[in-house]
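# Coordinate inspection notes
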Amino acid sequence: MDAARMHTDIFCNQVEYHPYFTQNKIRPYLREHNMMLTAYRPLADGKILSDTVITALAEKHKHTPAQIVLRWFIQQKNVSAIPKAADKKHRADNFNIFDFELSAEDMKSIFSLDKNNRMVNPPFAPEWDD
């Protein structure tokens, strides 16, 4: 098979993405090019779960803080998330996010949590273009 036939367009970019780090540069680029963004560290190492905005929304919607954040992801065009969940109950909870919807105001309040706070930045990392 020649190299031209082996070429495949990029379908998805997996990046650190959570309410404290909303990838304001890459997210619009990916959307413009109809590419998926897959979020790793979607719960910001658990730090987002005690945020007052998130806990208030959890109470309002009668869901867990993690479910609120995961719902925020799936309501965005071409966005998915890969949360880590070792506990069987947490894994089940992660799928139970389809029986409610966040309002535009809810979404906006979660986006407002952005602090440009990267959680993953090892010494060997590239120079990020945040």
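Above this text is the structure in question.
Residues numbered from 1 in each chain as written. Predicted model: local features only at pLDDT ≥ 70, side-chain atom pairs only at ≥ 80, totals over all residues. Heavy atoms only, no water.

## Structural notes on empty space enclosed by the protein
Within this structure, the stated rule accounts for 1 cavity of 30 Å³ or more. Counted as a void, the largest cavity has a volume near 30 Å³. Residue lining of the largest cavity: Arg27, Leu30, Arg31, Met35, Leu37, Lys77, Asn78 and Val79, and that is the complete set. Element by element, the count of residues in the lining of the largest cavity is highest for helix α2 (residues 26–32), at 3 residues. Residues of the lining of the largest cavity, tallied by class, amount to 4 nonpolar, 1 polar and 3 charged. (1 Å grid on protein atoms, 1.4 Å probe; cavity = no way out; pocket = protein on both sides within 12 Å on 5 of 7 lines; lining within 4 Å. Points joined across faces, edges and corners; volume = space filled by probe spheres on them. Helix = DSSP H or I, 4+ residues; strand = E, 2+ residues; numbered from the N terminus. Nonpolar A, V, L, I, M, F, W, Y, C, P; charged D, E, K, R; others polar.)

## Some words on the environment of glutamine 75
By the secondary structure assignment, glutamine 75 is in the loop between α4 (65–74) and β3 (79–81). On a C-alpha basis, the gap between glutamine 75 and serine 103 in space is 9.8 Å, while along the polypeptide they are 28 residues apart. The residues contacting glutamine 75, other than those within four sequence positions of it, are Glu101, Leu102 and Met107. In terms of polar contacts, glutamine 75 uses its side chain to reach the side chain of arginine 71, at 2.8 Å. (Contact = heavy atoms within 4.5 Å. Polar contact = N/O pair within 3.5 Å; in protein donor to acceptor, adjacent residues only side chain to side chain.)

## A closer look at the nonpolar core
Judged by nonpolar contacts, the single largest core of 26 residues is most densely connected at Tyr17, Ile48, Ile68, Trp72 and Phe73. Mapped by element, the contributors of at least two residues to this core are β2 (36–40), α3 (52–61), α4 and α6 (104–111). Look past the residues within four positions of phenylalanine 73 in its chain and what remains in contact with it is Tyr17, His18, Ala39, Pro42, Val79 and Ala81. (Core = buried A, V, L, I, M, F, W, Y, C linked by side-chain atoms within 4.5 Å. Buried < 20%, exposed > 50% of the residue type's maximum accessible area, 1.4 Å probe, protein only.)

## So, the pattern of salt bridges
For the structure shown, the criterion picks out 3 salt bridges. With a closest N to O distance of 2.5 Å, aspartate 45 and arginine 41 form a salt bridge. Assessed through its relative accessible area of 42%, aspartate 45 is described here as partly exposed. Close ionic contact of aspartate 106 with lysine 60 constitutes a salt bridge, the shortest N to O distance being 2.8 Å. (Salt bridge = Lys/Arg side-chain N within 4 Å of Asp/Glu carboxyl O.)

## Observations regarding the sheet that holds β3
Within a beta sheet, neighbouring strands are joined by backbone hydrogen bonds and run either parallel or antiparallel to one another. Ordered in space as β1-β2-β3, the 3 strands form an open sheet in which the pairing is parallel. Both edges of this open sheet fall to β1 (12–16) and β3, since each of them pairs with a single strand only. Going across the sheet, the axis of each strand differs from the next one's by a mean of 25 degrees, ignoring polarity. With 3 bridges connecting them, β2 and β3 associate as parallel partners. Along β3, the bridge assignment pairs alanine 39 with alanine 81. (Pairing = 2+ DSSP bridges. Axes fitted to C-alpha atoms, helices over the stretch in contact; angles between N-to-C directions.)

## Quick notes on the side chain of histidine 61
Along the chain, histidine 61 turns up in helix α3. Its relative accessible area of 16% is what places histidine 61 among the buried residues. A distance of 2.8 Å separates the side chain of histidine 61 from the side chain of aspartate 106, its partner in a polar contact. Beyond its immediate sequence surroundings of up to four residues, histidine 61 is in contact with Ile68, Phe100, Glu101, Leu102 and Asp106.

These figures come from the coordinates and say nothing about function on their own.
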